[in-house]
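# Structural description and commentary
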Amino acid sequence: MSSNAVPGALWERTVKVATAEQTHALGSALGGVLVPGDLLVLTGELGAGKTTFTQGLGEGLGVRAGVISPTFVLVRIHPNLPEGRRPGGPDLVHVDAYRLGSAAEIDDIDLENTLDSSVTVVEWGRERVEHLSDSRLDIELHRTVGGTDSALDSAETGQDAVLDFDPEDDDEPRTIVFRGFGPRWSHVPEILEENA
Ligand SMILES: Nc1ncnc2c1ncn2[C@@H]1O[C@H](COP(=O)(O)OP(=O)(O)OP(=O)(O)O)[C@@H](O)[C@H]1O
Ligand SMILES: [Mg+2]
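Since the model is a prediction, treat every value here as computed from it, not as a measurement.

### Quick word on the overall build of the chain
From N to C terminus, the chain includes seven helices and eight strands. Looking at the chain as a whole, 38% of its 196 residues qualify as buried. Restricting to contacts in the chain with at least 6 residues of sequence separation, those with at least 24 account for 74%.

Now the structure itself:
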């Protein structure tokens, strides 16, 4: 997995989780160390867990709850709560760029306004929001089966189709790959060293 080098990435860390709760908890731990101006770009297929992870971020940041999938709302702002985990900390700006075709359309929604004072998290943001900041944390979520990538598995064996149509949303393993870009992310956050 780490053999897939990504141009410009300063480092890469892979974390494996078994349940949605663990994905949430990892987001919450990361949310505890984020600062105003941070940009996070989330990549992963439908249902990979991008929103679940963002809900964890919101908890760790101590923002107003209710981070629901913003599929039909492009941007949601979650104000920091005085009674939350990090009083006085950054707000969370949660963006779903799924329907936004280009960087130009991203510019129309004016994220620059809130970027410096908030943590900005963009689902489906890859190749759409990189121009907004010198630095970004890129987070890729993959469904995993037996420790390997499910897309790879199905291509090779064609045998995991049943798992992909699980209607119960039962807990399944995920592989979450973090990559740092730019000066803000010159070092691996400690919480990733601990969990990797
Ligand atoms: N290990 C896991 N991590 C995250 N979610 C999991 C895990 N196992 C099962 N799930 C389930 O998968 C679903 C993930 O949905 P979520 O809305 O977070 O995905 P998403 O990537 O935001 O999708 P979309 O692209 O539609 O926005 C949830 O129903 C969650 O309970
Ligand atoms: Mg989502």
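### Thoughts on the site of ligand 1
Taken together, 19 residues sit near ligand 1, with T23, G49, K50, T51 and T52 positioned nearest. Broken down by secondary-structure element, the contributors of at least two residues to the shell around ligand 1 are helix 1 (20-31) and helix 2 (50-61).

### Focus: the pairing of strand 2 (residues 39-43)
Taken across its five residues, strand 2 has four buried, putting it largely inside the fold. Relative to strand 5 (residues 118-123), strand 2 runs parallel, the two being bridged by four bridges. Residue pairing in the sheet places V41 in a bridge with V122 of strand 5.

### Points about helix 1
With twelve residues, helix 1 should cover 16 Å at 1.5 Å per step; its first-to-last C-alpha distance of 16 Å lies within 8% of that length. Where helix 1 is concerned, the buried positions are Q22, T23, H24, L26, G27, L30 and G31.

Quick notes on the rules
Residues numbered from 1 in each chain as written. Chains lettered and ligands numbered in written order. Predicted model: local features only at pLDDT ≥ 70, side-chain atom pairs only at ≥ 80, totals over all residues. Helix = DSSP H or I, 4+ residues; strand = E, 2+ residues; numbered from the N terminus. Buried ≥ 20, exposed ≤ 12 C-beta atoms within 10 Å, placed from the backbone. Contact = placed C-beta atoms within 7 Å. Near = placed C-beta within 6 Å. Pairing = 2+ DSSP bridges. Expected span 1.5 Å × (residues − 1).

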